[in-house]
Amino acid sequence: MKKASIFLSRRSPFAIFATVMQKTRDVLIRTAEGVMSLLVVFLMLAGTVVCSGRLLGVDFFARPELTNRDLLPPPDVLRAMDVYDYRIDEAGLGLWQLTSRRGESVGMLVCSRPYAGDAVGFAGPTPVWVHIDGEGRVRSIVPMDNAESARFFNRAIDGGILARWIGAPAVGADSVSLDAVTGATYSSNALTANVKAACAAYAGATEAVKNRPAIGWGRTAAVAVVLAVGLYVAFFRKGSRRWRLLQLVLNVGVTGFWCGQFLSVTLLRGWIESGWNLVASLPTVLMLAVAVALPLFGRRRYYCTWVCPYGSLQALAYRLPTPKLRVGPKAMRWLGCLRFGVLMALLAAMWAGYGAWLLDYEPFTAFFATAAVPAVAVLATAFVVLAVFVPLPWCHAVCPMGELLHLAEPSNNEKL
């Protein structure tokens, strides 16, 4: 017995080997659980876009190839572009030569759809029709149907992102640099890319659109710095109230109001349906990466606690010196069930093809103060006011994005 005890002691190489193998097994199981959970969440969201016939930007139903008949503007658009009375002759895919009744060439009509496949806005492609006159200048632009949220897309249009091109020479348009409309960055950049692609097609070449983050490299760097500070605080300064306060302020001020970056069901659903440009979406891709990776290392609800700007705003509101409503563990469990129910109801509505409009009321877009519709601004403000007295009401009771991330976490989350 004594020899056996020595043989199996903690100092024994065999015992060390057994411990290492057990730890390795735990890590592999946790990783496998995380991958399976992510797959389930992906399939849940993918089910909401089946009716569109697209997945990750690829048509998964057999569809006929695009023809000019599919791309030609309808009569009302031709009238709006003041080309209805011209003779329209095909000059290539998405290209039509315009000729007056006198037989004079009066320019060209271009559809950007075949030439700007990588130009994706917040929720999908944003193709346009462009009329280029006989002198080679942009005369009119009309957007085609798209899946963008109406309030952001209309804000980009009302902000003049297309009007700025009127009168500009089509040749050399790729060198033109335009600032995005505040509060509609993704839609603005996608529309700009489509106009450039149409002008490049007019010039007889396929011109690559400059690939950079939608919010620019400076703000992307700022988001990365805030994420790095969050990691430092979460791992090394978790008990410090000052560091925690700093992180909350950075999340709200920098990530939220200045950069307008957050994760939402709208964003993820748009990516699943239409794909994404990795560089253009780099800030949100970084946020999603830490949201998915950190729970694998025992940091449960990492995004909701350490990254989400709206959650941070509620946490700051709760710090105000006011009477607090105590919420016990049983009530918290009921709130968790309510949040799960909200997510399931939302998914069920989208699976049936009717609930996508509900995503327009996620409160995160209230960080675009000048673009948020009144209903969203009121909803977001109401929950922040409630957060003064109750801890994180939106996060605990409603947030479908938070519930999706929770479902994507592995069940065995003890800290390594």
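Residues numbered from 1 in each chain as written. Predicted model: local features only at pLDDT ≥ 70, side-chain atom pairs only at ≥ 80, totals over all residues. Heavy atoms only, no water.

1. Quick look at the overall build of the protein chain
As a reminder of what qualifies: The secondary structure listing takes helices from DSSP runs of H or I that are at least 4 residues long and strands from runs of E that are at least 2 residues long, numbered from the N terminus. Using a 1.4 Å probe on the protein chains alone, a residue whose accessible area is under 20% of its type maximum counts as buried, one over 50% counts as exposed, and one in between counts as partly exposed. In what follows, residue pairs with any heavy atoms lying within 4.5 Å of each other are defined as contacts. Only the protein chains shown count as cover for residues, and all accessible areas are computed by the Shrake-Rupley method using a 1.4 Å probe.
Helix and strand content of the protein chain: 16 helices and seven strands. Here the protein chain holds 416 residues, and the buried ones make up 45% of them. Considering only intrachain contacts with a sequence separation of at least 6, the fraction spanning at least 24 residues in the protein chain is 68%. Carbon and sulfur atoms make up 64% of the accessible area of the protein chain, which amounts to about 21,700 Å² in all.

2. A closer look at the pattern of salt bridges
We apply this condition: Salt bridge, as used here: a side-chain nitrogen of Lys or Arg that lies within 4 Å of a carboxyl oxygen of Asp or Glu.
Considering all chains together, one arrives at three salt bridges under this definition. The partner of R139 in a salt bridge is D82, and the shortest N-O contact between them spans 3.2 Å. One end of the pair, R139, is in strand 7 (residues 138–143); the other, D82, is in the loop between helix 4 (75–80) and strand 3 (87–92), and 57 residues separate them in sequence. Between E403 and R339 there is a salt bridge, and its shortest N-O distance comes to 2.8 Å.

3. So, the nonpolar core
Test applied: Side-chain atoms within 4.5 Å are what join buried Ala, Val, Leu, Ile, Met, Phe, Trp, Tyr and Cys residues into a set we call a nonpolar core.
Core analysis: the biggest nonpolar cluster contains 61 residues, and Y303, V307, Y310, F364 and M401 have the highest contact counts within it. With sequence-adjacent residues up to four places away left out, Y303 is seen in contact with F262, L263, M287, A291, C308, P309 and L405. Counting residues in each nonpolar core, the second largest holds 22 residues, with V138, A156, V181 and V195 among its members.

4. Remarks on the confidence of the model for the protein chain
The cut-off we apply is this: Each residue carries a pLDDT score, the predictor's own confidence in it, on a scale running from 0 to 100.
For the protein chain, per-residue confidence averages 82 on the pLDDT scale, and 86% of positions sit at 70 or higher. Across the protein chain, element-level confidence peaks in helix 12 (residues 309–318) with a mean pLDDT of 96 and bottoms out in helix 1 (residues 2–7) with 48. Within the model, pLDDT remains below 50 along residues 1–8, and this stretch shows four contacts once partners closer than five positions in the same chain are excluded.

5. Digging into unusual backbone geometry
Phi is positive for D82, which is not a glycine, with a value near 60°. Taking relative accessible area as the criterion, D82 reaches 45% and is therefore assigned partly exposed.

6. Focus: the pairing of strand 4 (residues 95–99)
What counts, and what does not: One bridge is not enough; two strands pair if DSSP finds at least two bridges between them.
For strand 4, the buried fraction is high: four of the five residues fall into the buried class. Inspection of the sheet shows strand 3 paired to strand 4 by five bridges, in the antiparallel sense. Across the sheet, the residue bridging to R87 is T99, located in strand 4. Joining the antiparallel neighbours strand 3 and strand 4 is a turn of two residues, in which G94 adopts a positive phi near 75°. Pairing of strand 4 with strand 5 (residues 105–111), which is carried by four bridges, proceeds in the antiparallel orientation. Across the sheet, residue Q97 finds its bridge partner in strand 5, namely M108.

7. So, a nonpolar patch on the surface
Using the following cut-off: Patch definition: residues above 30% relative accessible area lacking any salt bridge, with like charges linked at up to 9 Å and the nonpolar side chains Val, Leu, Ile, Met, Phe, Trp and Tyr linked at up to 5 Å.
Together, M36, L39, F42, L43, L55, L56, W276 and L278 give the surface a local cluster of nonpolar side chains, amounting to about 740 Å² of exposed area. Locating M36 in the fold gives a position in helix 2 (residues 13–46).

8. What about the packing of helix 12 against helix 14 (residues 374–387)?
We apply this condition: The axes are straight lines fitted to the C-alpha atoms, using for helices just the contacting stretch, and the angles between their N-to-C directions are given from 0 to 180°. Throughout this description, any angle smaller than 35 degrees is read as roughly parallel, any larger than 145 degrees as roughly antiparallel, any in the 65 to 115 degree range as roughly perpendicular, and the remainder as oblique.
One can describe the packing of helix 12 onto helix 14 by two numbers: an axis separation of 7 Å at closest approach and a directional angle of 40°. Looking at the two axes, helix 12 sits oblique to helix 14. Between helix 12 and helix 14, the residues in contact are Y310, L313, Q314, A317 and Y318 and L379, A380, F383, V384 and A387, respectively.

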